[in-house]
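# Understanding the architecture of this molecule
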Amino acid sequence: MGFFSGFFIRASAGEYGIYTLVAIHATYVELIAMCLVTNLRYMLMSAALSQKLAPATSRLHRLLMACCITDEIFGISINHKGCTPPAYTYSAALISTLFWAGGCATGIVAGGMLPTSIVAALSVALYGMFLAIIVPPARRDRNVLYALIASFLLSGICAVAPLVSQWSSGTRTILLTLLISSVVAWLRPLKNRESNGTE
């Protein structure tokens, strides 16, 4: 069951939210609303990756590629040199989805066998994965580094600010992403490049 759940949902926050609401017998409307709010960041990722597609990419490929987006797929696709072809996204999504689903199933089995303290310690490994995604581009591009520093600082401030701290973490993340990326795009716009598959 864990394998199929991970295979079709492919979103840790979404999976966690779904099972939490199912456990308290929430309605379908609440489940759908939670998934939409939790996964709104994928809209931002899709918008960013749309700039990496060749103009000749068909609408069907665009829709299918959007369905493949996860945090990890976004991380490697945005760093891909030149335009990102559909085959790149599909193959990456297939491999990552199989490993994600296998990891979910293995984690469920291991979580039932290991002590709670070890399970809690292993959960920190997820942050290591995100660092592996964001550190390389930050080392290559100083503007990305500045945006990361701003995101860390503003996220910490918003987590304790009187009014903003009451918003959900997902809402804060989306608003900060829009704000920071808009400011960086305004201050340090990228020059137009030919969409010929090269930088």
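The coordinates are above.
Conventions used here
- Residues numbered from 1 in each chain as written.
- Predicted model: local features only at pLDDT ≥ 70, side-chain atom pairs only at ≥ 80, totals over all residues.
- Heavy atoms only, no water.
- Helix = DSSP H or I, 4+ residues; strand = E, 2+ residues; numbered from the N terminus.
- Buried < 20%, exposed > 50% of the residue type's maximum accessible area, 1.4 Å probe, protein only.
- Contact = heavy atoms within 4.5 Å.
- Phe/Tyr/Trp six-rings, centres within 6.5 Å; stacked < 30°, edge-to-face > 60°.

Looking at where Thr89 falls in the secondary structure, it is placed in helix 7 (residues 86-113). For Thr89, a relative accessible area of 4% translates into the label buried. With residues up to four places along the chain from it excluded, the contact list for Thr89 reads Met65, Cys68, Ile73, Ser77 and Thr84.

As a further point, take the packing of aromatic side chains. If you walk through the whole model with that rule in mind, you get two aromatic pairs. Here the aromatic rings of Phe3 and Phe4 are separated by 5.7 Å at their centres, their planes lie at 90°, and the arrangement is edge-to-face. Judged by relative accessible area, which is 31%, Phe3 ranks as partly exposed. Residue Phe4 is classed as exposed on the basis of its relative accessible area, which comes to 53%. Residues Phe3 and Phe7 carry aromatic rings whose centres are separated by 6.2 Å and whose planes lie at 20° to one another, so their mutual orientation is stacked. Of this pair, Phe3 and Phe7 both sit in helix 1 (residues 2-9), four residues apart, roughly one helical turn. Members of the aromatic cluster, connected to one another through ring pairs, are Phe3, Phe4 and Phe7.

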